[in-house]
Amino acid sequence: MTSDAGSRFRRTLLRVAIVQIVTLLLLGYLQYLFTP
Amino acid sequence: MHPLNWVIVIGWLVYVVSHGIRRSKGTDKIEGYFLANRSLPWWAVGLSVMATQLSAVTMIGTTGQGATDGMKFVQFYFGLPLAMVILGVTLVPFLHGARVYTAYEYLERRFDPATRSLTAFLFLVSRAMSCGAIIAAPAVVFSAIFGWSLWWCVALIGVPAILYTMVGGVQAVTWVDVKQMFLIVGALIAVVVTVIVKLPVSLHDAFVIAGHAQRLRVFDFSFDLTKTYTFWSGMIGGTFLMLSYFGTDQSQVQRYLAAKSVDEARNSLLFSAYWKIPLQALVLLVGVLVFVFYQVKPAPMLFNPAVERQVIKAYPVEYAELKVRYDSAASFPFIRESIRGEALGMAQRLTGEPAKDVNYIIPRFVIDNLPIGLAGLFIAAVIAAAMNAISGELMSLSTATVIDFYKRWISADAPEERLLVISRAATVFWGIFACVVATYAVSLGSLIEVVNRFGSFFYGSILGVFLLAMIKRANARGAFIGLIIGMATVGLVNWRLPKVAFLWHNVIGAVVVVVVGMLISYLTGPSRAQPASSRA
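Residues numbered from 1 in each chain as written. Chains lettered and ligands numbered in written order. Predicted model: local features only at pLDDT ≥ 70, side-chain atom pairs only at ≥ 80, totals over all residues.

## Considering the overall build of chain B
Defined as follows: Helix and strand definitions here come from DSSP, where helices need a minimum of 4 consecutive H or I residues and strands a minimum of 2 consecutive E residues; each element is numbered from the N-terminal end. We compute the radius of gyration from the C-alpha atoms alone; for a globule the expected value is 2.2 Å times N to the 0.38, where N is the number of residues. Whether a residue is buried, exposed or partly exposed is read from the other C-beta atoms within 10 Å of its own C-beta, which are placed from the backbone; 20 or more gives buried, 12 or fewer gives exposed, and intermediate counts give partly exposed. A pair of residues counts as a contact when their C-beta atoms, built from backbone coordinates, are within 7 Å of each other.
Along the backbone of chain B there are 23 helices and zero strands. Against the compact-globule benchmark of 24 Å for 536 residues, chain B has a radius of gyration of 24 Å, which places it among compact chains. C-alpha extents for chain B along the principal axes are approximately 75 × 50 × 40 Å. Within chain B, the fraction of its 536 residues that count as buried is 55%. For chain B, contacts bridging at least 24 residues in sequence account for 85% of all contacts bridging at least 6.

## Concerning the overall build of chain A
On a plain count of helices and strands, chain A comes out with one helix and zero strands. When the 36 residues of chain A are sorted by exposure, 11% land in the buried category.

## Brief notes about the environment of B:V49
Residue and element names in this part refer to chain B. Secondary-structure assignment places V49 in helix α3 (residues 42–53). For V49, a count of 26 C-beta atoms within 10 Å gives the class buried. With 220 residues separating them in the primary sequence, V49 and L269 have C-alpha atoms 7.6 Å apart. What V49 contacts, discounting residues up to four positions off in sequence, is Q252, R255, S268, L269 and S272.

## Thoughts on the domain arrangement of chain B
Heads up, the rule is: The start and end points of each domain follow an automatic or database-based domain assignment.
Segmentation of chain B into domains returns domain 1 (3–287 + 368–445) and domain 2 (305–356). The straight-line distance from the C-alpha centre of domain 1 of chain B to that of domain 2 of chain B is 35 Å.

## Overview of the interface of chain B and chain A
Applicable threshold: Nonpolar residues are Ala, Val, Leu, Ile, Met, Phe, Trp, Tyr, Cys and Pro. Charged residues are Asp, Glu, Lys and Arg, and all others, Gly as well, are polar.
On the side of chain A, 15 residues touch chain B, which itself brings 22 residues to the contact. Counting only elements with at least two residues in the side of chain B that touches chain A, the list comes to α5 (80–89), α10 (203–212) and α13 (262–296) of chain B. It is α13(B) that contributes the most residues to the side of chain B that touches chain A, six residues altogether. When the residues that make up the side of chain B that touches chain A are grouped by side-chain class, the tally is 17 nonpolar, four polar and one charged.

## What to know about the packing of helix α14 (residues 305–314) of chain B against helix α16 (residues 333–351) of chain B
All names here are of chain B. The following threshold applies: Angles shown run from 0 to 180 degrees and are taken between the N-to-C directions of axes, each axis being a line fitted to C-alpha atoms and, for helices, limited to the stretch in contact. Just so you know how the angles are binned, under 35 degrees is roughly parallel, over 145 roughly antiparallel, 65 to 115 roughly perpendicular, and the rest oblique.
Contact pair α14 / α16: the axes reach a minimum separation of 10 Å and the direction vectors enclose 80°. Taken together, the axis directions place α14 and α16 in an arrangement best described as roughly perpendicular. Taken together, the residues of α16 that come into contact with α14 (itself represented by V307, Q310, V311 and A314) are M346, A347 and L350. Within the contact of α14 with α16, the residues separate by chemical class into six nonpolar, one polar and no charged.

## Description of helix α18 (residues 374–410) of chain B
All names here are of chain B. To be explicit about the condition: Here the expected length of a helix is defined as 1.5 Å per residue gap, with one fewer gap than residues. A residue's bend is the angle separating two fitted axes: one through the seven residues that end there, the other through the seven that start there.
Here α18 spans 51 Å end to end across 37 residues, near enough to the 54 Å set by a 1.5 Å rise per residue. Along α18, the sharpest change in direction is near 30° and occurs at V402. Where burial is concerned, most of α18 is hidden: 30 out of the 37 residues are buried.

## Digging into the environment of B:A155
Residues and elements named next belong to chain B. Residue position: A155 is located in helix α9 (residues 150–198). Since 18 C-beta atoms lie within 10 Å of it, A155 is described here as partly exposed. Remark: the alpha-carbon pair of A155 and V382, spanning 227 residues in sequence, is separated by 14 Å.

## A short note on the nonpolar core
To keep it simple, the criterion reads: To form a nonpolar core, buried Ala, Val, Leu, Ile, Met, Phe, Trp, Tyr and Cys residues must be joined through C-beta atoms within 7 Å.
Ranked by internal contacts, the top residues of the largest apolar core, which has 190 residues, are B:I135, B:F378 and B:A386. When residues no more than four places from it in sequence are discounted, the contact partners of B:A386 are B:S55, B:A56, B:I134, B:I135, B:P138 and B:I157.

## What to know about the packing of helix α8 (residues 113–146) of chain B against helix α21 (residues 476–496) of chain B
Residues and elements named next belong to chain B. Quick note on the threshold: Note on convention: the crossing is left-handed when the near helix lies turned anticlockwise from the far helix by less than a right angle, right-handed when the turn is clockwise.
Interaxial distance between α8 and α21 falls to 9 Å at its minimum, and their mutual angle equals 30°. Classified by the interaxial angle, the pair formed by α8 and α21 is roughly parallel. You can see that α8 and α21 cross each other, and the crossing is left-handed. Of the residues in α21, those in contact with A114, T115 and L118 of α8 are A476, A479, F480 and L483. The residue makeup of the contact of α8 with α21, split by class, is six nonpolar, one polar and no charged.

Here you go:
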């Protein structure tokens, strides 16, 4: 993998990770708020 | 159902078929028919990839699962975003750059014809049967709810899909998928809005009810190999499954091979990475809200009307007594649930099979509660979801048949015109095969289950072969023997340790193939074929 492709991969991974973490946090918050 | 709903369903089917046929331009050559001349934009491919895996089972089975088990199924998809990113930098550039028609064709270039033919054969067997199961699931539900013969229901779903796939090839499949995805998401949102409007309690109170019934529990962090859906099985087993499904299954690979460029192919997969988990959460939330609805409003004692009719006929007095008890326990959901269990027990005694009506919860809710027009929209969306999945699979079955078998073993230099005729014939053949399997789904139930189980034996193992293809030192003998030993190991694990959840089979299969394949490769010497990286 070239350094250009490497940095693009890291940026993509970061973006996907942020979206997923926000989604999981929202689902977790829903569980935390309403599940006794 | 109101006639206007049927007008909407029929209208949608006519529109979809005509739209698919209009999109058949440029399909007079094999590359146009199978790969849309590698011209599709990333967003259309991305929507099509999502549409192919969102079948009618998702619309009626997964939503029903949301009602009965809550949100925990979403953990199944936790590995998907990571898998998409990994594929974006590994298999996608190899496969797209190799200018192949099928993923298995690439294996011959890297290894040998035997490995290609075996993987393509395994794909044909499992996909042909699963295609039948995809048609059968909604057809059986429609047949029970509307009282039609199963044949008619199978034809209603199968014939339009076969028609536009046969005429328009992958181009028609993709553009129809795009349109139908909007319909499907719209129908799901319509159900959510209807439930919220019709609920006599606030949305906050609805969530409190769902939470108390454990329907909002998403995460299970226990590391238990026997539990199907946990955070870890989703993250680890799910990653391997998604790598295998999106990276090596022709029904998915064909989509991104049709993209304009490697970057467009990559972006199409990232579309799923961003949207799959939120979409799946929406699907399950539909079920959770319908569960709450039936906690505060009267629910049918049995959701499957066909089974209910049979039970009333066989046990008229007992069922009537049970119904009186059920109706008088309106304010006590737990007692009602127990009485429902007794009714399901009666159904089980009658049919001799475990009685489950999870697939009937959402269709019954839709027909009984959605306003005129929206109910038709939802039924059209269920058919659309089934057609999306079938059309993608028929296309890939036809491609593998023609490219990996006919062109490879029978007639390597067949003219384009003949290949095109055979491709269309193969599409129709597999379509009819799937419809026949679907029609006999009830009697073939255990056979389909065996084939699906068999499918889980080799999913991870095929991924292992593709991983080997990217390792320079791996050779053809290592790949072929590794594949056989990988599948056998998963079969053995399934036989000796049946409680190990199926998601872990993918990890076991892939790891065994890579380890055994490398071991044999080192023992038998370097491959004469070139490594994958130098060909991409």
